[in-house]
Amino acid sequence: MVGSERIVVVTGASRGAGKGIALALGETGATVYVTGRTRNEGDSPLPGTVFATAEEITRRGGHGVPVVLDHRDDAQVESFFARLRDEHGRLDILVNNALAVPDGLTEKGPFWEKPLTLLDLLDVGMRSSYVATYYAAPLLVANGAGLVVNTSSFGGTCYMHGPAYGAGKAAVDKMAHDMAVDFRPWNVAVVSIWMGLLATERTLAAFAANPGAYDGLAATAESPEFTGRVIDALARDPELMDRTGQVLIGAEIARELGVEDTRGQQPPSHRPFLGNPPVFSDAVVD
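Bear in mind the structure is a predicted one, so any value in this text is a computation, not a measurement.

Thresholds, definitions, all that
- Residues numbered from 1 in each chain as written.
- Predicted model: local features only at pLDDT ≥ 70, side-chain atom pairs only at ≥ 80, totals over all residues.
- Heavy atoms only, no water.
- Helix = DSSP H or I, 4+ residues; strand = E, 2+ residues; numbered from the N terminus.
- Contact = heavy atoms within 4.5 Å.
- Core = buried A, V, L, I, M, F, W, Y, C linked by side-chain atoms within 4.5 Å.
- Buried < 20%, exposed > 50% of the residue type's maximum accessible area, 1.4 Å probe, protein only.
- Axes fitted to C-alpha atoms, helices over the stretch in contact; angles between N-to-C directions.
- Parallel < 35°, antiparallel > 145°, perpendicular 65-115°, else oblique.
- Left-handed = near helix turned anticlockwise from the far one by under 90°.
- Nonpolar A, V, L, I, M, F, W, Y, C, P; charged D, E, K, R; others polar.
- Phe/Tyr/Trp six-rings, centres within 6.5 Å; stacked < 30°, edge-to-face > 60°.
- Salt bridge = Lys/Arg side-chain N within 4 Å of Asp/Glu carboxyl O.

Chemist: What's the story with the side chain of Thr 38 in this structure? I'm lost.
Modeler: Here Thr 38 shows up in the loop between strand S2 (31–36) and helix H2 (50–59). In this structure, Thr 38 is in contact with Ser 14, Arg 15, Asp 43, Ser 44, Gly 48, Thr 49 and Val 50, ignoring residues within four places of it in sequence.

See below:
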């Protein structure tokens, strides 16, 4: 399906990776629904709102639709997808990106010295991805084709920020594999994409607070829009169903499909020092 006909949902798109993905998919001419809690500037310590993201999508040639939604509330999620059913009756791409980023996540030290609120990312992250896909499923199935993407990271298999973060990422990776089994008869693909270091508002603030400390990393950081470009290429790929159920490294799929980042560069894969994606069993036990 050409971009201008696509109906897309990107969760957690007020800022960061979600915003970048939504903008990249919006540039294809798609109608992109962007969800998030931030209604007004200043509601969050970081800049960005769902309205600003939607407006930028429209400026870039798509149709941005802001949706103020708390992914901790299942009823709000159900209501949103009911609205989507009434407005379009289908869905082409769902990107599960919403993630709680609790204070203390990147602090050094063992998990028992960090706040228990790190478990929030299992609610908005792991659980919210399941719930959004649950309510989106009938709309994806109605197409006879579609794509679900869980945004993830190398933290799914290596130690990264401690066990709460690792458990959340490993969960959405396995969820992609298992959901792919259920969706296959309807030609709906599900993948998890490991992103690299992203030049988001949060990351750039960290760079600014520690000038010179991240020069090497900063030079190789992916733009927030890079993963959106990868998702667009995957959605167009006639071999998409051959990839369903897999955990993909965004930088590697980009190279394979000829996708460049916003400055024309090819971001590196971090596989050599962070490890390989998991390979799941083909066994199916109903």
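Chemist: Mind showing me how you'd approach the nonpolar core here?
Modeler: Val 10, Val 32, Leu 147, Ile 231 and Leu 234 are the most contacted members of the largest nonpolar core, which totals 31 residues. For this core, the element with the highest residue contribution is helix H8 (residues 226–236), accounting for five residues. Counting 26 residues, the second-largest nonpolar core is a separate cluster that includes Leu 94, Ala 132, Met 175 and Val 188.

Chemist: Is there a simple way to explain the packing of helix H3 (residues 74–87) against helix H4 (residues 120–143) in this structure?
Modeler: For any two helices packed against each other, one specifies the crossing angle of their axes together with the interaxial distance. Two elements in contact, H3 and H4, have axes separated by 9 Å at closest approach and are oriented at 25°. Here H4 runs roughly parallel to H3, going by the angle between their axes. Judged by the sense of rotation from one axis to the other, the crossing of H3 with H4 is right-handed. Taken together, the residues of H4 that come into contact with H3 (itself represented by Asp 74, Val 77, Glu 78, Phe 81, Leu 84 and Arg 85) are Arg 127, Val 131, Ala 132, Tyr 135, Ala 136 and Leu 139. Partitioned by chemical class, the residues of the contact of H3 with H4 number eight nonpolar, no polar and four charged.

Chemist: In this structure, what is going on with the environment of Leu 140? I would like to understand it.
Modeler: Mapped onto the secondary structure, Leu 140 falls in helix H4. Considered as a pair, Leu 140 and Gln 246 are 106 residues apart in the sequence and their alpha carbons are 19 Å apart. What Leu 140 contacts, discounting residues up to four positions off in sequence, is Leu 91, Asp 92, Ala 145, Gly 146, Leu 147, Val 148, Phe 183 and Val 188.

Chemist: It is not clear to me how the side chain of Ser 14 should be interpreted in this structure. Could you clarify?
Modeler: Tracing the backbone through its elements, the reader meets Ser 14 in the loop between strand S1 (7–10) and helix H1 (16–26). On the basis of relative accessible area, Ser 14 is assigned to the buried category, the value being 5%. The residues touching Ser 14, leaving out its near neighbours within four places in the chain, are Lys 19, Thr 35, Gly 36, Arg 37, Thr 38, Gly 48, Thr 49, Val 50 and Thr 53.

Chemist: Can you walk me through the packing of aromatic side chains in this structure?
Modeler: Two descriptors summarise a pair of aromatic rings, namely the distance from one centre to the other and the angle between the planes of the rings. Overall, the coordinates contain five aromatic pairs when judged by the stated rule. When the ring of Phe 154 is compared with that of Trp 194, the centres are 4.7 Å apart and the planes differ by 50°; the resulting orientation is tilted. Here Phe 154, found in the loop between strand S5 (146–153) and helix H5 (163–183), pairs with Trp 194, found in strand S6 (residues 188–195); they are 40 residues apart in sequence, far enough to count as distant. For the pair Phe 154 and Trp 194, one class covers both residues: buried. Three or more aromatic residues joined by ring pairs form one cluster here, namely Tyr 33, Phe 80 and Phe 81.

Chemist: Just checking my understanding: could you explain the pattern of salt bridges for this structure?
Modeler: By the definition in use, this model includes 15 salt bridges. Across the pair Arg 6 and Asp 232 runs a salt bridge whose closest N-O atoms are separated by 2.8 Å. You can see Arg 6 sitting in the segment before S1 and its partner Asp 232 sitting in helix H8, a full 226 residues away along the chain. In this structure Asp 232 comes out as buried when scored by relative accessible area, which is 14%. Residues Arg 60 and Glu 27 are paired through a salt bridge, measuring 3.0 Å at the closest nitrogen-oxygen approach. Taken together, the positions of Arg 60 in the loop between H2 and strand S3 (63–68) and Glu 27 in the loop between H1 and S2 put the pair 33 residues apart, joining distant regions of the chain. What you see here is one network of salt bridges that share partners, running through Glu 27, Glu 56, Arg 59, Arg 60 and Glu 225.

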